[in-house]
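Reading the structure
Here's the letter readout for the chains.
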Amino acid sequence: MSVRFEEIDWRSTPMGEISLRRRRHPVSGEDVYEVKLGDEYLMSSLFTEGEVELARLGLAELPEGPLDVAVGGLGLGYTARAALDDPRVGSLIVVDALAEVIDWHRRGLVPLGAGLASDPRCRLVRGDFFAMAAGSAAAGGPVPADGPQAEDARDAAGEAARGLDPETPGRRFHAILLDVDHSPRHVLHPGHAALYGREGLTALAELLYPGGVFALWSNDPPDSEFGSVLAEVFVETAAHVVDFDNPLQGGTAANTVYVAHTRAE
């Protein structure tokens, strides 16, 4: 049994102060893990249905594998875990801007971390997903010779080449699943906003195979304006409302998962 509340880790990052907390649920007695950026809650292990459905809906209509999948945003790892649970997935890259979050997984500080970090199909990459998708990141600084810091440094250096896989510039994927911002309108950093416009989505679509899928998690209800932009770039789009129980407020809550397909050859 854990203590009632524990701050497992706290770091100062370029995006603000990030913390990993664990508390005991007063009713179930189970441990609840929470990630906060400043005063904002980024994720809680109490609410994972939307993250899981992001992977399930994003991969649902793809053909038999092996599938190459990229996830933007590691968080507590629920989207990545759900993707790896699909037997068609042959490789998974998870891109996260914060080395601290990747470190939590590598050190096993979060429940799914050890499984993700040790899965031979899964690679955790430190990088700015939005800059990598647009090809606008710049590399710089010395690269250590070996060890986890060296891997992170090489990942960062690889951002200068466009694409989500620093080891293979321009690599394409069967699916790209994104869960970083609260919604296309409520972004964590101003630099993220461009991806949700026509130009940004077009650049992202170029990283998909023909017939590939871009899926996006949002905490807001379906946004018709964003849906229209999505439909300008992709040939088939849908906004799925994911309902789930809300034990904190009672009743149900909802997320949105957008799913968009590129044109098949």
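Notes on the structure follow. (Residues numbered from 1 in each chain as written. Predicted model: local features only at pLDDT ≥ 70, side-chain atom pairs only at ≥ 80, totals over all residues. Heavy atoms only, no water.)

**Description of the overall build of the protein**
- The secondary structure content of the protein amounts to 8 helices and 11 strands.
- Classification of the 265 residues of the protein by burial places 49% in the buried group.
- Restricting the contact set of the protein to residue pairs at least 6 apart, pairs at least 24 apart contribute 63%.
- Of the roughly 12,400 Å² of accessible surface on the protein, 49% is carried by carbon and sulfur atoms. (Helix = DSSP H or I, 4+ residues; strand = E, 2+ residues; numbered from the N terminus. Buried < 20%, exposed > 50% of the residue type's maximum accessible area, 1.4 Å probe, protein only. Contact = heavy atoms within 4.5 Å. Areas by Shrake-Rupley, 256 points an atom, 1.4 Å probe, with all protein chains shown as cover.)

**Section: the environment of Ala203**
- By the element assignment, Ala203 lies in helix α7 (residues 198-205).
- With relative accessibility at 16%, the residue Ala203 sits in the buried group.
- Ala203 sits 41 residues away from Arg162 along the chain, and the two C-alpha atoms are 9.9 Å apart.
- Apart from residues lying up to four places away in sequence, Ala203 is in contact with Ala133 and Arg162.

**Considering the sheet that holds strand β3 (residues 31-37)**
- Within the open sheet, the 4 strands sit side by side as β1-β2-β3-β4. Their pairing is antiparallel. What marks the edges here is a single partner per strand, and that holds for β1 (5-13) and β4 (40-44). Sheet twist, expressed as the average angle between the axes of neighbouring strands with direction ignored, equals 20°.
- The sheet contact formed by β1 and strand β2 (residues 16-24) spans 8 bridges and is antiparallel. Looking at β2, one finds that Trp10 is bridged to Ser19.
- Those strands touched by helix α3 (residues 99-106) are β1, β2 and β3, and its axis lies near 140° from that of β1. (Pairing = 2+ DSSP bridges. Axes fitted to C-alpha atoms, helices over the stretch in contact; angles between N-to-C directions.)

**Here's the deal with the pairing of strand β9 (residues 208-218)**
- Most of β9 is tucked away, with 8 of its 11 residues classed as buried.
- With 5 bridges connecting them, strand β8 (residues 173-178) and β9 associate as parallel partners. In the sheet register, Leu178 faces β9, and the bridge partner there is Leu216.
- Once the chain exits β8 it traverses α7 before rejoining the sheet at β9, and the crossover so formed is right-handed.
- Relative to strand β11 (residues 252-261), β9 is paired through 6 bridges, and the arrangement is antiparallel. (Right-handed = clockwise from strand over helix to strand, strands pointing away.)

**Observations regarding the side chain of Lys36**
- Structurally, Lys36 can be placed in strand β3.
- If we skip the residues at most four places from it in the chain, Lys36 touches Glu17, Ile18, Ser19, Arg21, Tyr41 and Leu42.

**Notes on the packing of aromatic side chains**
- Applying the stated criterion to the full structure yields 6 aromatic pairs.
- Ring plane angle 55° and centroid distance 5.9 Å describe the contact between Phe47 and Phe244, whose orientation is recorded as tilted. A residue pair is termed long-range when its members are at least 10 positions apart, and Phe47 in the loop between β4 and α1 (49-59) and Phe244 in strand β10 (residues 236-245) qualify at 197 residues.
- Using a relative accessible area of 8% as the deciding quantity, one classes Phe244 as buried.
- For the ring pair Phe226 and Tyr258, a centre distance of 5.0 Å and an interplane angle of 80° mean the geometry is edge-to-face. One end of the pair, Phe226, is in helix α8 (residues 224-233); the other, Tyr258, is in strand β11, and 32 residues separate them in sequence. (Phe/Tyr/Trp six-rings, centres within 6.5 Å; stacked < 30°, edge-to-face > 60°.)

**Quick notes on the environment of Ser19**
- Here Ser19 lies in strand β2.
- Sequence spacing of Ser19 and Val35 is 16 residues, and the spatial spacing of their C-alpha atoms is 5.8 Å.
- Excluding residues within four positions of it along the chain, Ser19 makes contact with Glu7, Asp9, Trp10, Glu34, Val35, Lys36 and Trp104.

**Points about unusual backbone geometry**
- Omega for the peptide link from Gly65 to Pro66 comes to 5°, which places this bond in the cis form.
- Looking at the element boundaries, Pro66 is found in the loop between α1 and β5 (67-72).

**Let's talk about the packing of α7 against α8**
- Contact geometry for α7 and α8: axes closest at 9 Å, N-to-C directions at 45°. One element, α7, and the other, α8, form an angle in the oblique class. With respect to the hand of their crossing, α7 and α8 are arranged in right-handed fashion. In this structure, α7 contributes Arg198, Leu201, Thr202 and Ala205 to the contact, and α8 contributes Phe226, Val229, Leu230, Glu232 and Val233.
- When grouped by side-chain class, the residues that make up the contact of α7 with α8 number 6 nonpolar, 1 polar and 2 charged. (Parallel < 35°, antiparallel > 145°, perpendicular 65-115°, else oblique. Left-handed = near helix turned anticlockwise from the far one by under 90°. Nonpolar A, V, L, I, M, F, W, Y, C, P; charged D, E, K, R; others polar.)

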